[in-house]
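Residue strings, one per chain:
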Amino acid sequence: MERRTVLASIGIGLTTAAAGCLSETDATADPGSESESNPESESTPENDDRSLATQAESAPTTVESGATVDRRIGDETLADSGLRKPVQVALTNRASETHTPALVIERDETTVLEESFELGADAAVHVSLSDLDEFTVRATLPDAEQAETVTVGRDQFDCNATTATIAVQDDGTLESSVISTLMACRGVVTATVERDETNSTTVGAMPGASEQDAADAKHGVVVHNPTAQTWTTRILLEESSDPTFDGVYTLEPGATAEIELAESGEYDLDVTVLETDATEHEQIGATSFDCNTSTTQAELDAAGTVDLTTISTRMACPDDEFSE
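What this report covers is the structure whose coordinates are included nearby. Because the structure is a prediction, the values reported are computed rather than measured.

Moving on to unusual backbone geometry. For residues besides glycine, phi is generally negative; the peptide bonds are generally trans as well. Even without a glycine there, the phi angle at Ser240 is positive, about 55°. Its place among the elements puts Ser240 in the loop between strand S15 (231-239) and strand S16 (242-251). Positive phi, close to 70°, is recorded for Ser241, a residue that is not glycine. Residue placement: Ser241 occurs in the loop between S15 and S16.

Here it is in structure tokens:
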């Protein structure tokens, strides 16, 4: 049985906002608890005709009562750039007796973690999903023929602290829940753009700006998918090395994502196709914000690569009208 809970918290961390719920789900590691780090960022099991549960059950990792072990999936790319945080997975034993659940995590239909744990009472396993992707988390209790699955989508990687928990209950059943703070994630967009449709977002628009201000110097970023297949793109913008915008768009055939920069500045733009890791970089200078129409266009191709081009009209602008 899966429960999904959202905790409202404006500008307050998960621990402060939801202390009672954290106690309920054991969603956060105790800083003083015993932990073990997996030296491999991702683990790929050897080929074996046995089932995943049987493989994981063959050599369980012992976690003493009240202790915690840590695992990490990915290369921590979310820590390198952008406005998104990793998602945490917790496998906990709330029962008073020892249980041995098996944990399998798949990423893009590839198994990246497969391990069995002998969990004492109140013992837990914490797994950090440190890369932006889609994951399937499945825990099983082979002896009790119990199984529980949680899906972690790309939209759950935002500025909030999010934990997906699968817990062993006193009656030997498994229960899952997802809890998250609900801070407003300015500059974070995750959207699916349907075939031949356009999704538009404005970055840097000031509340109360006049119509004239809104009509003045701007620069557009346009990502278009003219191919016959669906691609997922991540659009990152930084200004003076500070993340400004982090958009993930699943673009169906003919779909377009438009981002309008409403404030003049020096920007670094990266457009990445998540399925292929193809990335292109472009610098957008303050000179792009003048009386001309200026756009940086990214077009995808059938191989999942990106072509970036900046185009602009070439009208002569009145001196200093758009300078800072």
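Before going further, it helps to spend a moment on the packing of aromatic side chains. With the rule as written, the count across this model stands at one aromatic pair. Plain terms: the ring middles of Phe135 and Phe157 are 6.2 Å apart, the flat faces sit at 45° to each other, and that makes the pair tilted. On the criterion of sequence distance, the pair formed by Phe135 in strand S8 (residues 135-141) and Phe157 in the loop between strand S9 (146-152) and strand S10 (162-168) is long-range, its members being 22 residues apart. This pair shows no difference in class: Phe135 is buried, exactly as Phe157 is.

We now examine the pattern of salt bridges. Tallying each qualifying case throughout the model produces nine salt bridges. In this structure, the salt-bridge partner of Arg94 is Glu175, at a minimum N-O distance of 3.9 Å. Linking Arg94 in the loop between strand S4 (87-93) and strand S5 (102-107) with Glu175 in strand S11 (residues 174-181), this pair joins segments that are 81 residues apart in sequence. Across the pair, exposure class does not vary: Arg94 and Glu175 are buried alike. With its nearest N and O atoms 3.6 Å apart, the salt bridge here joins Glu134 to Arg154. With Glu134 in the loop between strand S7 (124-129) and S8 and Arg154 in the loop between S9 and S10, this pair connects stretches of sequence that are 20 residues apart. According to the relative accessible area criterion, Arg154 is buried, its value standing at 12%. Connected through salt bridges with shared partners, the residues Arg107, Asp131, Asp133, Glu134 and Arg154 form a single ionic network.

This part takes up the sheet that holds S5. The five strands are arranged S2-S6-S5-S8-S9 in an open sheet whose pairing can be described as mixed. Both edges of this open sheet fall to strand S2 (61-63) and S9, since each of them pairs with a single strand only. Across the sheet, the axes of successive neighbouring strands diverge by a mean angle of 25°, strand direction being ignored. In the sheet, S5 pairs with strand S6 (residues 110-119) via six bridges, with the strands oriented antiparallel.

Quick notes on the rules
- Residues numbered from 1 in each chain as written.
- Predicted model: local features only at pLDDT ≥ 70, side-chain atom pairs only at ≥ 80, totals over all residues.
- Heavy atoms only, no water.
- Helix = DSSP H or I, 4+ residues; strand = E, 2+ residues; numbered from the N terminus.
- Phe/Tyr/Trp six-rings, centres within 6.5 Å; stacked < 30°, edge-to-face > 60°.
- Buried < 20%, exposed > 50% of the residue type's maximum accessible area, 1.4 Å probe, protein only.
- Salt bridge = Lys/Arg side-chain N within 4 Å of Asp/Glu carboxyl O.
- Pairing = 2+ DSSP bridges.
- Axes fitted to C-alpha atoms, helices over the stretch in contact; angles between N-to-C directions.

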